[in-house]
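Residue-level listing of the chains:
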Amino acid sequence: MNDTTGLGDDVQLITLDVNGTCYEVITAPRRTLVDVLRHDLRLTGTHVGCEHGICGACTVLVDGLPVRACLMFAAQAEGARITTVESLADSGTGELSDLQRAFTAHHGLQCGFCTPGFLMLAQGFLAERPEATKEDIREVVAANLCRCTGYQTIVEAIDACATARRSQRAAGAEEDSCN
């Protein structure tokens, strides 16, 4: 049998739940999640940096936890909920999420290459630790690399978003307690 796909004879059909949409993908078993996201699903917001799990540019959420998509085979993600940076903005209006707006307001974007990884790292971290202190944020941000050395502005952006979310929850709790 001649291979006309360029994938070789050793391929498999997998189903991936990405940003709430199910995709069926025919791929080689050893392809990474970041390659499938970018090349097969055309979700190019997830960047490829070092391809060794060091820089974090490829960070996505798998079942709500930040993972390096360059270190995970796409087949390993089958059955999990994958969330990419494309999910942050409102798909209907294009309105940026509160976290994206905070990065913009605090100049946490720098050159932008590492930004999707930082956004997904922060999104997963704040979901897990909504009461995080600035020191907690500084520690988690150290897991990703920014070659523009803009860490302080990134920390400020994440802290501002966390503070705003806490205020909104408190206001909502007060409204709930009055009703």
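Quick caveat: nothing in here was measured; it's all calculated off a predicted structure.

Scoring rules and cut-offs
- Residues numbered from 1 in each chain as written.
- Predicted model: local features only at pLDDT ≥ 70, side-chain atom pairs only at ≥ 80, totals over all residues.
- Heavy atoms only, no water.
- Axes fitted to C-alpha atoms, helices over the stretch in contact; angles between N-to-C directions.
- Helix = DSSP H or I, 4+ residues; strand = E, 2+ residues; numbered from the N terminus.
- Parallel < 35°, antiparallel > 145°, perpendicular 65-115°, else oblique.
- Left-handed = near helix turned anticlockwise from the far one by under 90°.
- Contact = heavy atoms within 4.5 Å.
- Nonpolar A, V, L, I, M, F, W, Y, C, P; charged D, E, K, R; others polar.
- Buried < 20%, exposed > 50% of the residue type's maximum accessible area, 1.4 Å probe, protein only.
- Arc of directions from axis to C-beta.

A word on the packing of helix α2 (residues 98–105) against helix α3 (residues 115–128)
At a minimum axis separation of 10 Å, α2 and α3 run at an interaxial angle of 125°. On the basis of the axis angle, α2 is oblique to α3. Crossing of α2 over α3 shows right-handed handedness. Each of Leu-99, Gln-100 and Phe-103 in α2 lies in contact with α3, whose residues at this interface are Thr-115, Phe-118, Leu-119, Ala-122 and Gln-123. Its residues assigned to classes, the contact of α2 with α3 shows 5 nonpolar, 3 polar and no charged.

What to know about helix α1 (residues 33–40)
Inspection of α1 places Leu-33, Val-34, Val-36 and Leu-37 among the buried residues, and these make up the whole buried set. Along the axis of α1, the buried residues cluster in a sector spanning 170°; they form a single face. Tucked inside the fold, the buried residues of α1 contact β1 (12–18), β2 (21–27), β3 (59–62) and β5 (81–83).

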